[in-house]
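Analysis of the macromolecular model
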Amino acid sequence: PASCVDCMEDGPVAEPVRWLGVGLPFVAKFDADCPSCSRPIVAGRAVLQRWDLGVERTVYTHRDCRPT
């Protein structure tokens with residue numbers, strides 16, 4: 001959208017919101033399933049990364065996974 005000529009004619013166009021990794025990876029405190037790969041997250045063993053999508057959403061995935 002930020003480079004579409006038709007969209008620019010309608011006025012200012014904001015950059016699309018993207019997932020942003022927040023903080024350093026950490027060891028999981030609770031069991032869960034990874035929202036990215038669906039593999040289990042095992043408390044005390046899995047290393048997680050926090051991801052934020054603007055102020056709208058936060059997810060925690062395995063360190064090597066990215067949210068979709």
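As the structure is a computational prediction, the values presented were derived from the model and not from experiment.

Attention shifts here to the pattern of salt bridges. Considering all chains together, one arrives at 1 salt bridge under this definition. Put simply, Asp-52 and Arg-50 hold a salt bridge, and the shortest N to O gap is 3.1 Å. For Asp-52, a relative accessible area of 14% gives the class buried. Take Arg-50: its relative accessible area is 29%, and that puts it in the partly exposed class.

Turning next to the environment of Val-42. With respect to the secondary-structure elements, Val-42 resides in the loop between strand S3 (40-41) and strand S4 (47-53). Once the C-alpha coordinates of Val-42 and Ala-28 are considered, the two residues, 14 residues apart in sequence, prove to be 6.9 Å apart. Those residues within four positions of Val-42 in sequence are excluded, and the remaining contacts are Ala-28 and Asp-31.

With that out of the way, let us pick up the nonpolar core. Membership of the largest hydrophobic core is limited to 6 residues, which are Ala-28, Cys-34, Ile-41, Ala-46, Leu-48 and Cys-65. Leaving out residues up to four positions away in the same chain, Ala-46 has contacts with Phe-26, Val-27, Ala-28, Ile-41 and His-62.

What follows is about the side chain of Asp-52. Along the polypeptide, Asp-52 turns up in strand S4. Among all residues touching Asp-52, those that are not within four sequence positions of it are Arg-18, Trp-19, Leu-20, Val-22, Arg-57 and Thr-58.

Positive phi outside glycine occurs at Ser-38, with the angle close to 70 degrees. Within the secondary structure, Ser-38 sits in the loop between strand S2 (32-33) and S3. Residue classification places Ser-38 among the exposed residues on the basis of a relative accessible area of 56%.

The buried fraction of S4 amounts to 5 of the 7 residues, a majority that puts the element mostly inside the structure. Note: strand S1 (residues 19-27) against S4, 6 bridges, orientation antiparallel. The residue of S4 that forms the bridge with Val-22 is Arg-50. In the sheet, S4 pairs with strand S5 (residues 57-62) via 6 bridges, with the strands oriented antiparallel. From the neighbouring strand, Gln-49 faces S5, where its bridge partner is Thr-61.

Thresholds applied
- Residues numbered from 1 in each chain as written.
- Predicted model: local features only at pLDDT ≥ 70, side-chain atom pairs only at ≥ 80, totals over all residues.
- Heavy atoms only, no water.
- Salt bridge = Lys/Arg side-chain N within 4 Å of Asp/Glu carboxyl O.
- Buried < 20%, exposed > 50% of the residue type's maximum accessible area, 1.4 Å probe, protein only.
- Helix = DSSP H or I, 4+ residues; strand = E, 2+ residues; numbered from the N terminus.
- Contact = heavy atoms within 4.5 Å.
- Core = buried A, V, L, I, M, F, W, Y, C linked by side-chain atoms within 4.5 Å.
- Pairing = 2+ DSSP bridges.

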